[in-house]
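Residue strings, one per chain:
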Amino acid sequence: MSEELVKSVQEMLKEETWTRATISNYTKEKLVELAAIVEKAGSEGCIDEIKAICDEQLNHTKDSIIALYISGMLGLKQGTLDNSALEGLVDIFQKNHKEAVVVYICESILAENVNNKFALRTLANNYRAANDEKAWEIYEKIVKIDFEEAEIAKILGEHYETEGNMENAVSYYKKALLRFVNAKNMTAVKEIWTKLTVLIPEEIDFFLLVQRKIEKSISADKSALLMHDLYPYYKDNGKWDTAIDILKIILAIDPKDMWARNEIASCFQGKYANHSNVEEYIRSSNLTQSFRNVFEAINDFEKHIAFDAKNFVYHRSWGVGIITKVENDTLTINFGKKNGVHEMALKMAVSALTPLAKDHIWVLKATKSKDVLVKMFKDDKDKSWALKTIIRSFGNSCDFKRIKAELVPSILTPGEWTSWNSAAKKTLESDPSFGVNPNNINEYIVRDKKISPEEKLSNEFKAQKQFMPRVNVFMKYLNTEEADKDSELFTDMYNYFKGFLKAFNQVNEQVVASYLVVQKVNSILPALAYTPSFTFAQLYSEIEDPRTMYLSLKDSKNTSLQADFLNTIKILPDWVDQYITLFPTVLEARMLKDLVDSGNKEKVQKLVVKAFENFRDYREAVLFFFENCQEEEWFKEAGVSFQKQLITIVNIIAQTYKEIENHVDSTENKKIGKNAKKLIFGEKDEKNVYADFMLSSDMDTMTHLYTLVDDIVELEPVYKQTLRNRILEKYSDYKFRAKEEKSSQPAGMLVTKAKLDEKQALEKTMTTETIPAIAKEVADAKEKGDLKENAEYIAAREAQHKLNNDLKRLQGELSRAVVFDPTTATTSMISFGTEVVLTNNETKKDEKYIILGPWESDPDAGIISYMSPFGNAILDAKAGETLEFTINEHKNNYTVKSISIAKI
């Protein structure tokens, strides 16, 4: 059937060549016939062949209408980015004023690719020429999908301004302005900036954003000239602080700008119109004199003007004080009862004192009692008032280290800080008044006006200097419903990732992550779809180690890069082999399911066998198979016996201890070892599958399995003890190897759960209450004079030293503590958790003891530590056994009368 179609196209092209049909003969209906051929080529699977025929025709006859249309439309079906055939075709019909045909071609292109920019532009221009309102809808779509299109954004702004829709007009003018900045078109920037200073002069944050972009990418001087145009609105409306900030920006760029120096003096006069010394301070600071550094002059003026009666100041030795009187050039300052009243010359005050606002956190601490402050902070339920107060106190940029320093321990205890800190972070995330400092990811800022979700996330993105955290922020933006995806701030962030794809010449995690990010945007926001110049298959083929690449795409709470990486791999023809290679690193059950469901069960089974045979290289895969695949039929059929699985895991445990001893990946080995022990030995009330299988086996197998565990010298004694107890419960006369006649002292320290809880509570009290309290006592005592003769200070220091040593000792014991599992207690021998009756062969009297640990030991109550000389001497003895031992030169002779489980 396809041969007939190919022949038909060849005949059509030949006929077109001989007849030389004129353009006037081509109507929309004729192109509809050609469209049918295109569709038929797709259904019959001969797209490549027919396109090649048409391309060959164009080599000889570049204006062939049939060849241009069929080749161009088939190219769209192939996903090619080359529009040249269709662009040439449209150009031919436009020159011959065949508008209806042009519209049809554009609509046909958009039916295949809704975001084809060429078709959209051509169609919109045709509609606009015909005064068709549909042009504006298409223009809006172009602006949405083409982040570089500035001129059409400007046209849309003018259109909506004419219609009186100022909200839309401003929105498009803003887009146009930012895009003209990116294009470095300063003439257009100036035009739009001027218009917006009339329409929205109050949106200072937007203008400052644009100014920073222009300064960075075009010219600092030109950005300053634009600020000249914005400044009059704020001065004329008496918005002195913003006007002064604008002038400071101008002066930072050109400190010699005398107009700006004079204007800032004028603004200070307006702001401090009621201050009697404003003129004198402007004069004395030389603010309007060109010889003085302008910012030194501004700093001098601002300090002088702040030194007025009833204002607060800070001195590094005397702390916070209030100015009670200003007479001539002398300040009288009250620094409180502790540091008294001081007089200071104004000239000295400028260098020695720091002005403080009345709501500065230091002022609050100095003027209010601790009880009042504590109540203020605790009544602040969402922590917003406290956060605003502290952040504004330090130049409106503050990190959590500073916030904690201001609150702990002066207002909050360390324990209270934990919950306060958690609530405060939630407020910083959710409250639109707060944002991240764009220059420092660790610092927060606060605004009087709400910060839009777009700006908040954009600032966070800029503040992040590392690539992967930026991915996290971008994905958070993408998933935040209220964040506007049409915003130029989103566009800037998106372009950051597209830039890695455009500049791609060597594969790395940044390129791969960017590809996945762009694909995610393509799926969520098709209007913003971007197609790189390479395929994923081409990208993947250059990845040296896919496993390392997978790990480098580590997920966080906002991204799914690793999952997206795996999903995208499934489009590759050899995805099965790639999944087999990646699984030991990824360890996800869905990968195994996908492999088995796709008919690759044998390959999965070979991987299982390989993992257990080469467990040193596949440790985590072995543990995953054991824990998650026991009930899967394909796993049961893999041929790895349960006994082999258990022995392999014991070998893994032994290997982790050896590597830890050799300081090889200690943290990773501890994690793997802990997981392995949990899987086969269980925890607390969990099933001990190793013991169960061991006891269900014949005697030789049981002995072999026990010996494997026993030979791991570093293994915690509790695991060995549990296996011994289980063996003795079933075989009471079982003889362990000679070295098992007496159990070695545990590497850890066995304790009861109740005693561990008690000690942990004590540690918490010492850490959060007792030690901070004694530290305060030491600090208070230190202030009372000569330390050598300060008895109170010496006593406090001694108490502090003893407490610190006690805490260190307690923490050491806690680190060695191993909680005793009561279910492992046995009456087959004297051990932890047993009550024993001994007959003293010298006195012929019975003595009763409970065997516990050092923490529980109470000899007067008959509770003996298994680690004490007496406890260690009787440990592991069986009922009826006679014991002889010497402690402190005293010979002891006992017979074990009975052993029972102690009630603990």
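Residues numbered from 1 in each chain as written. Predicted model: local features only at pLDDT ≥ 70, side-chain atom pairs only at ≥ 80, totals over all residues. Heavy atoms only, no water.

**Considering the overall build of the protein chain**
Here is step 1 of the chain: Each helix and strand in the protein chain was counted, giving 44 helices and 15 strands.
Here is step 2 of the chain: Radius of gyration (C-alpha) of the protein chain: 40 Å, far over the 29 Å computed for a compact globule of 904 residues.
Here is step 3 of the chain: With 904 residues in all, the protein chain has 47% of them scored as buried.
Here is step 4 of the chain: Taking all contacts inside the protein chain whose residues are at least 6 apart in sequence as the whole, residues at least 24 apart take part in 57%. (Helix = DSSP H or I, 4+ residues; strand = E, 2+ residues; numbered from the N terminus. Rg over C-alpha atoms; globule rule 2.2 N^0.38 Å. Buried < 20%, exposed > 50% of the residue type's maximum accessible area, 1.4 Å probe, protein only. Contact = heavy atoms within 4.5 Å.)

**Topic: the pattern of salt bridges**
Here is step 1 of the chain: Within the structure shown, the criterion is met by 49 salt bridges.
Here is step 2 of the chain: Among the ionic pairs, E191 bridges to K154, the shortest N-O distance being 3.2 Å. Residue E191 is located in helix α11 (residues 186–199), and its partner K154 is located in helix α9 (residues 151–163); the two are separated by 37 residues in the primary sequence.
Here is step 3 of the chain: Taking the relative accessible area as the measure of exposure, E191 reaches 38% and is therefore partly exposed.
Here is step 4 of the chain: For D594, the salt bridge identified is with K570, shortest N-O distance 3.5 Å. (Salt bridge = Lys/Arg side-chain N within 4 Å of Asp/Glu carboxyl O.)

**Here's the deal with a positive patch on the surface**
Here is step 1 of the chain: A cluster of basic residues, R212, K216, K462 and K465, forms a positive patch at the surface.
Here is step 2 of the chain: With relative accessibility at 30%, the residue K462 sits in the partly exposed group. (Patch = residues over 30% accessible without salt bridge, like charges linked within 9 Å, V, L, I, M, F, W, Y side chains within 5 Å. Areas by Shrake-Rupley, 256 points an atom, 1.4 Å probe, with all protein chains shown as cover. Lys, Arg positive; Asp, Glu negative; His and termini not counted. Charge placed at Lys NZ, Arg CZ, Asp CG, Glu CD.)

**Some details on the nonpolar core**
Here is step 1 of the chain: Core analysis: the biggest nonpolar cluster contains 118 residues, and I50, Y69, I70, F93, L196 and F307 have the highest contact counts within it.
Here is step 2 of the chain: Ranked by size, the runner-up nonpolar core spans 103 residues in total, among them V511, L566, I569 and W634. (Core = buried A, V, L, I, M, F, W, Y, C linked by side-chain atoms within 4.5 Å.)

**Considering the side chain of S397**
Here is step 1 of the chain: Summarising the element assignment, S397 is placed in the loop between α22 (384–393) and β6 (398–399).
Here is step 2 of the chain: Within polar-contact distance, the side chain of S397 engages the side chain of N437 at 2.8 Å.
Here is step 3 of the chain: A distance of 2.6 Å separates a polar atom in the side chain of S397 from a polar atom in the side chain of E443.
Here is step 4 of the chain: The contact partners of S397, leaving out residues within four places of it in the chain, are I391, N437, E443, Y444 and I445. (Polar contact = N/O pair within 3.5 Å; in protein donor to acceptor, adjacent residues only side chain to side chain.)

**A word on the side chain of E856**
Here is step 1 of the chain: Here E856 lies in the loop between β12 (845–852) and β13 (863–865).
Here is step 2 of the chain: The side chain of E856 sits in the buried core without any salt bridge; K755 is the nearest counter-charge, 6.4 Å away.
Here is step 3 of the chain: At 2.9 Å, the side chain of E856 and the backbone nitrogen of T752 are in polar contact.
Here is step 4 of the chain: Among all residues touching E856, those that are not within four sequence positions of it are V751, T752, K755 and I863.

**Remarks on a negative patch on the surface**
Here is step 1 of the chain: Where like charges cluster on the molecular surface, the negative patch consists of E3, E4, D48 and E49.
Here is step 2 of the chain: Broken down by secondary-structure element, the contributors of at least two residues to the negative patch are α1 (2–19) and α3 (47–60).
Here is step 3 of the chain: Among the secondary structure elements, E49 is positioned in helix α3.
Here is step 4 of the chain: Here E49 falls in the partly exposed class, since its relative accessible area comes to 46%.

**Digging into the packing of helix α26 (residues 467–479) against helix α27 (residues 488–502)**
Here is step 1 of the chain: Viewed as axis vectors pointing N to C, α26 and α27 meet at an angle of 135°, and their least axial separation amounts to 11 Å. Classified by the interaxial angle, the pair formed by α26 and α27 is oblique. As for how α26 packs across α27, the hand of that crossing is left-handed. Contacts between α26 and α27 pair F467, R470, V471, V473, F474, Y477 and L478 from the former with F490, M493, Y494, Y496, F497 and F500 from the latter.
Here is step 2 of the chain: When its residues are assigned to classes, the contact of α26 with α27 shows 12 nonpolar, no polar and 1 charged. (Axes fitted to C-alpha atoms, helices over the stretch in contact; angles between N-to-C directions. Parallel < 35°, antiparallel > 145°, perpendicular 65-115°, else oblique. Left-handed = near helix turned anticlockwise from the far one by under 90°. Nonpolar A, V, L, I, M, F, W, Y, C, P; charged D, E, K, R; others polar.)

**As for the packing of helix α37 (residues 642–661) against helix α38 (residues 666–681)**
Here is step 1 of the chain: Two numbers describe how α37 lies on α38: the axes approach to 9 Å, and their chain directions differ by 150°. In terms of their interaxial angle, α37 and α38 are classed as roughly antiparallel. In terms of crossing hand, the pair formed by α37 and α38 is left-handed. Between α37, through L646, I649, V650, I652, I653, T656, Y657, E659 and I660, and α38, the contact on the second element is made entirely by S666, N669, K670, I672, G673, A676, K677, I680 and F681.
Here is step 2 of the chain: Within the contact of α37 with α38, the residues separate by chemical class into 11 nonpolar, 4 polar and 3 charged.

**Some thoughts on the sheet that holds strand β11 (residues 834–840)**
Here is step 1 of the chain: Ordered in space as β13-β12-β11-β15-β14, the 5 strands form an open sheet in which the pairing is mixed. Looking at the sheet topology across the chains shown, the edges are occupied by β13 and β14 (882–887). The average angle at which neighbouring strand axes cross in this sheet is 45°, direction not considered. (Pairing = 2+ DSSP bridges.)

**Side note on the packing of aromatic side chains**
Here is step 1 of the chain: Per the stated rule, a full pass over the model turns up 50 aromatic pairs.
Here is step 2 of the chain: With 6.2 Å between their ring centres and 35° between their planes, F467 and Y496 make a pair best called tilted. Of this pair, F467 sits in helix α26 while Y496 sits in helix α27, and the two are 29 residues apart along the sequence.
Here is step 3 of the chain: Given a relative accessible area of 7%, F467 falls into the buried group. (Phe/Tyr/Trp six-rings, centres within 6.5 Å; stacked < 30°, edge-to-face > 60°.)

**Quick look at helix α17 (residues 294–306)**
Here is step 1 of the chain: In a regular helix each residue adds 1.5 Å, so 13 residues correspond to 18 Å; α17 covers 18 Å between its end C-alpha atoms and thus fits that length.
Here is step 2 of the chain: The N-cap residue of α17 is N293: its side-chain oxygen and the backbone nitrogen of F295 are 2.9 Å apart. (Expected span 1.5 Å × (residues − 1).)

**Some thoughts on the sheet that holds strand β7 (residues 434–437)**
Here is step 1 of the chain: Reading across the sheet, the 3 strands line up as β6-β8-β7 and stay open at both edges, with antiparallel pairing between neighbours. Each of the sheet's edge strands pairs with one partner strand only, and the pair in question is β6 and β7.
Here is step 2 of the chain: Pairing between β7 and strand β8 (residues 440–446): 4 bridges, direction antiparallel. Directly across from F434, in β8, lies its bridge partner V446.

**Concerning the pairing of β11**
Here is step 1 of the chain: Within β11, 6 of the 7 residues are buried, leaving the element largely enclosed by the surrounding structure.
Here is step 2 of the chain: Taken together, the 7 bridges between β11 and strand β15 (residues 890–901) define a ladder with antiparallel strand orientation. For V837, the partnering residue across the bridge sits in β15 and is S898.
Here is step 3 of the chain: Between the end of β11 and the start of β12, which pair antiparallel, lie 4 residues, with K844 showing a positive phi angle near 65°.

**So, helix α21 (residues 370–379)**
Here is step 1 of the chain: Turning to α21, its buried residues number three or more, namely L373, V374 and F377. The buried residues of α21 occupy an angular sector of 100° when the element is viewed end-on, so they sit on one face. Residues D371 and K375 are exposed on α21 and point more than 90 degrees away from its buried face.
Here is step 2 of the chain: Those residues of α21 that are buried lie in contact with α20 (361–367), α22, α23 (400–407) and α24 (414–430). (Arc of directions from axis to C-beta.)

**Some remarks on the confidence of the model for the protein chain**
Here is step 1 of the chain: Taken over all residues, the pLDDT of the protein chain has a mean of 90, while the share at 70 or more is 96%.
Here is step 2 of the chain: No element of the protein chain has a lower mean pLDDT than strand β10 (residues 817–819), which averages 82, and none a higher one than helix α35 (residues 619–628), which averages 97.
Here is step 3 of the chain: Per-residue pLDDT stays below 50 along residues 738–746; that stretch engages in 17 contacts with residues further than four places along the chain or on separate chains. (pLDDT = per-residue confidence, 0-100.)

**A few points about the environment of K730**
Here is step 1 of the chain: Its place among the elements puts K730 in helix α41 (residues 717–730).
Here is step 2 of the chain: Along the backbone, K730 and L695 are 35 residues apart, and their C-alpha atoms lie at a distance of 8.0 Å.

**Side note on the environment of K674**
Here is step 1 of the chain: Assignment of secondary structure puts K674 in helix α38.
Here is step 2 of the chain: In sequence terms K674 and I874 are 200 residues apart; their C-alpha atoms lie 31 Å from each other.

**Section: unusual backbone geometry**
Here is step 1 of the chain: With an omega of 0°, the peptide bond between V408 and P409 qualifies as cis.
Here is step 2 of the chain: Within the element layout of this structure, P409 appears in the loop between α23 and α24.
Here is step 3 of the chain: Backbone geometry at N328 places phi at a positive 55°, although glycine is not the residue there.
Here is step 4 of the chain: Take N328: it is sitting in the loop between β2 (319–327) and β3 (330–334).
Here is step 5 of the chain: Classification of N328 as exposed rests on a relative accessible area of 72%.
Here is step 6 of the chain: With a phi angle near 55°, L587 is a residue other than glycine that sits in the positive phi range.
Here is step 7 of the chain: With respect to the helices and strands, the residue L587 is situated in the loop between α32 (575–586) and α33 (589–597).

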